[in-house]
Amino acid sequence: MTTETKFFADATLAGLARWLRLLGFDTVCFQGKAGRPLMRQAAAEGRILLTRRRDLLERQFSGRLILLPGTTAVKQLSFALGKLSLEIQAQNLYTLCLSCNQKLISLERESVRDLVPEYVFEHCSVYTRCPQCRKIFWPGTHRRNALQFLKDNGFDVT
Ligand SMILES: [Zn+2]
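Please read these numbers as outputs of a predicted model, since none were measured by experiment. (Residues numbered from 1 in each chain as written. Predicted model: local features only at pLDDT ≥ 70, side-chain atom pairs only at ≥ 80, totals over all residues. Heavy atoms only, no water.)

### A closer look at the domain arrangement of the chain
Then, in step 1: Its domain assignment divides the chain into domain 1 (7-92) and domain 2 (105-152).
Then, in step 2: Centre-to-centre, using C-alpha coordinates, domain 1 lies 27 Å away from domain 2.
Then, in step 3: Taken together, the contact between domain 1 and domain 2 spans seven residues of the former and five residues of the latter.
Then, in step 4: Between domain 1 and domain 2, the buried area comes to about 420 Å², and carbon and sulfur atoms account for 85% of it.
Then, in step 5: Considering only the surface of domain 1 that becomes buried against domain 2, Trp19, Val74 and Ala90 emerge as the three largest contributors, covering 67% of it.
Then, in step 6: Run the count over domain 1 and domain 2 and you get zero salt bridges.
Then, in step 7: Our enumeration of links across domain 1 and domain 2 arrives at one residue pair in polar contact (both at pLDDT 80 or more). (Domains from an automatic or database assignment. Contact = heavy atoms within 4.5 Å. Buried area = accessible area lost by both parts, 1.4 Å probe. Salt bridge = Lys/Arg side-chain N within 4 Å of Asp/Glu carboxyl O. Polar contact = N/O pair within 3.5 Å; in protein donor to acceptor, adjacent residues only side chain to side chain.)

Here's what the structure looks like:
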């Protein structure tokens, strides 16, 4: 299950966008220049706008905007989650494709027999696939490493 909070990140925040997706937060990363079209699209899709552009604060915007500090992606993540009092839920990790922002779909174990390494097939029974790029995912060291990284950086994971 993914959360209802959706984000719209400007093009300079790709690292942060990746982290948000990893945690299960639907996040679009805008590819154009930050400005009027960015704000229009964020508002139209009901997404919280994430930006480092202070000048955007002075423009008319009907939606919600969070001005981020120009630090690391992890510090920006902490800042944004803190602002919105959002919790990290372990069950939401890796529910979205990190590249496409698409909700991953469950696969039957048998259906991936020829698609994943043999070692993985023998040890893992849960698989998901991105409907857009078709990449297959399974819980493994990535997930454990991400959880450990979050804990090491002072994030609470419930
Ligand atoms: Zn994908």
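### A word on the side chain of Thr51
Then, in step 1: Looking at the element boundaries, Thr51 is found in strand S3 (residues 48-51).
Then, in step 2: For Thr51, a relative accessible area of 0% gives the class buried.
Then, in step 3: Among the polar contacts made by the side chain of Thr51, one reaches the side chain of Asp10 at a distance of 2.6 Å.
Then, in step 4: The contact partners of Thr51, leaving out residues within four places of it in the chain, are Asp10, Leu13, Leu56, Leu65, Ile66, Leu67 and Leu68. (Helix = DSSP H or I, 4+ residues; strand = E, 2+ residues; numbered from the N terminus. Buried < 20%, exposed > 50% of the residue type's maximum accessible area, 1.4 Å probe, protein only.)

### Some points on helix H3 (residues 73-83)
Then, in step 1: Burial in H3 covers these residues: Val74, Gln76, Leu77, Ala80 and Leu81. Viewed end-on, H3 has its buried residues packed into an arc of 155 degrees, placing them on one side of the element. In H3, the exposed positions angled more than 90 degrees off the buried face are occupied by Lys75 and Gly82.
Then, in step 2: Those residues of H3 that are buried are in contact with helix H1 (14-22), S3, strand S4 (65-67) and helix H5 (141-152).
Then, in step 3: Directly after H3, the chain includes Ser85, whose backbone phi takes a positive value near 50 degrees. (Arc of directions from axis to C-beta.)

### Topic: the layout of surface pockets
Then, in step 1: The computed volume of the largest pocket comes to approximately 550 Å³.
Then, in step 2: As for the largest pocket, its lining consists of 25 residues, and the residues nearest its centre are Tyr94, Leu104, Phe137, Trp138 and Pro139.
Then, in step 3: A total of five residues in the lining of the largest pocket trace back to one element, the largest contributor, which is H5.
Then, in step 4: Here the lining of the largest pocket gathers at least three residues from each of two domains, domain 1 (7-92) and domain 2 (105-152). (1 Å grid on protein atoms, 1.4 Å probe; cavity = no way out; pocket = protein on both sides within 12 Å on 5 of 7 lines; lining within 4 Å. Points joined across faces, edges and corners; volume = space filled by probe spheres on them.)

### Quick notes on the nonpolar core
Then, in step 1: Leu20, Leu23, Leu50, Leu77 and Leu81 are the most contacted members of the largest nonpolar core, which totals 28 residues.
Then, in step 2: For this core, the secondary structure elements donating two or more residues are strand S1 (7-9), H1, S3, H3 and H5.
Then, in step 3: With five residues, H1 is the largest single contributor of residues to this core.
Then, in step 4: Each of domain 1 (7-92) and domain 2 (105-152) accounts for three or more of the residues forming this core.
Then, in step 5: Grouped together as the second largest cluster of nonpolar side chains are 10 residues, Phe30, Ala34, Leu38 and Leu65 included. (Core = buried A, V, L, I, M, F, W, Y, C linked by side-chain atoms within 4.5 Å.)

### Observations regarding the packing of aromatic side chains
Then, in step 1: Evaluation of the coordinates by the stated rule reveals four aromatic pairs.
Then, in step 2: Pairing Phe8 with Phe30 gives two aromatic rings, centres 5.6 Å apart and planes at 40 degrees, and the pair type is tilted. With Phe8 in strand S1 and Phe30 in the loop between strand S2 (27-29) and helix H2 (36-44), this residue pair connects regions lying 22 residues apart in the sequence. Residue Phe8 shares its accessibility class with Phe30, and that shared class is buried.
Then, in step 3: The ring of Phe121 is capped by Arg109, whose NZ or CZ atom sits 4.3 Å from the centre of that ring. (Phe/Tyr/Trp six-rings, centres within 6.5 Å; stacked < 30°, edge-to-face > 60°. Lys NZ or Arg CZ within 6 Å of the ring centre and 35° of its normal.)

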